[in-house]
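Results of the structural survey
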Amino acid sequence: MNVESVHQLLEIVSQKFFTKSRGQWVFRGHSNKNYELVPSVGRKGHTSKSIAQYEASLFDSFRREAGAYISPSPSDEWEWLSVAQHHGLPTRLMDWSHNPLVALYFSVLGNQAADGQLIALNAPRKAPTSVLSQSPFKLAKPMKYYPNIVSPRIRAQEGLFVAFSNPEAPLDQKLRDDWSIERLAVPAAAKGRLRYEFFRLGVHESSMFPHLDGLAARIRWQHQVLPLEGEV
């Protein structure tokens, strides 16, 4: 099924995804439909002997050096991973959102010549306390993880994470028995219109990224785009 307007998306989600309690379905957008559901630490090239060594070296180096910039320090490895993910370190966490509009927005942001994709993940339960009391590097299966709000961006994007048990394996190839995935196509030809519709609804860089960089990006884009046909 294609998504070519915000109105069409709202019809789809109201009939299918909003029939369940909030949070059972979570959403993610890819600007290229060929992107795999692999977290950033599983996608990056590296010179380590194994992915485990690579991930451990990244995380240990970040935690050792980042303390000079963070006060108070994160309380455990889960919080450290959240901070590292937020600041661009490759981790086994993958960003998702409660809000399908946020996910669709990211599917149209970039790769204008490629078809995008909106991915809906049915993950009824979050990681229990018994799992969060253990190391995130020893998970037996993927977990839905709600971080503390380590940045305004997580709140603005209604964000949460999926923590991978195997960061090299695409999520849909190692899916839990109690999870399921559905996909909606976002045609490349519809991306420009969708992005403008989002702007009219208040979904844009300065709302998704509430800092000066997001503000500048939104103003730059706003002064390069023409109104939709029929607008004054």
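Cut-offs and rules
- Residues numbered from 1 in each chain as written.
- Predicted model: local features only at pLDDT ≥ 70, side-chain atom pairs only at ≥ 80, totals over all residues.
- Heavy atoms only, no water.
- Helix = DSSP H or I, 4+ residues; strand = E, 2+ residues; numbered from the N terminus.
- Buried < 20%, exposed > 50% of the residue type's maximum accessible area, 1.4 Å probe, protein only.
- Polar contact = N/O pair within 3.5 Å; in protein donor to acceptor, adjacent residues only side chain to side chain.
- Contact = heavy atoms within 4.5 Å.
- Axes fitted to C-alpha atoms, helices over the stretch in contact; angles between N-to-C directions.
- Parallel < 35°, antiparallel > 145°, perpendicular 65-115°, else oblique.
- Left-handed = near helix turned anticlockwise from the far one by under 90°.
- Nonpolar A, V, L, I, M, F, W, Y, C, P; charged D, E, K, R; others polar.
- Phe/Tyr/Trp six-rings, centres within 6.5 Å; stacked < 30°, edge-to-face > 60°.

**Here's the deal with the side chain of arginine 176**
Residue position: arginine 176 is located in the loop between β5 (159-163) and β6 (180-186). Judged by its relative accessible area of 14%, arginine 176 is buried. Only 2.9 Å separates the side chain of arginine 176 from the backbone oxygen of proline 142, close enough to count as a polar contact. In this structure the side chain of arginine 176 is engaged in a polar contact, spanning 3.0 Å, whose partner is the side chain of aspartate 178. Residues contacting arginine 176, with those up to four places away along its chain left out, are Lys141, Pro142 and Met143.

**A short note on the packing of helix α8 (residues 191-200) against helix α10 (residues 212-222)**
Here α8 crosses α10 at 120°, and the two axes come no closer than 12 Å. Comparing the axis directions of α8 and α10 gives the class oblique. Handedness of the α8/α10 crossing: left-handed. Every residue of α10 that contacts α8 at Arg195, Tyr196 and Phe199 is listed here: Arg218, Trp221 and Gln222. When grouped by side-chain class, the residues that make up the contact of α8 with α10 number 3 nonpolar, 1 polar and 2 charged.

**With respect to the packing of aromatic side chains**
Two descriptors summarise a pair of aromatic rings, namely the distance from one centre to the other and the angle between the planes of the rings. Counted according to the given criterion, the structure contains 9 aromatic pairs. Ring plane angle 65° and centroid distance 5.0 Å describe the contact between phenylalanine 59 and phenylalanine 137, whose orientation is recorded as edge-to-face. Highlighted residues: phenylalanine 59 in helix α3 (residues 51-66) and phenylalanine 137 in the loop between α6 (129-132) and β4 (143-145), separated in sequence by 78 residues. Look at phenylalanine 137 and you get partly exposed, because its relative accessible area is 24%.

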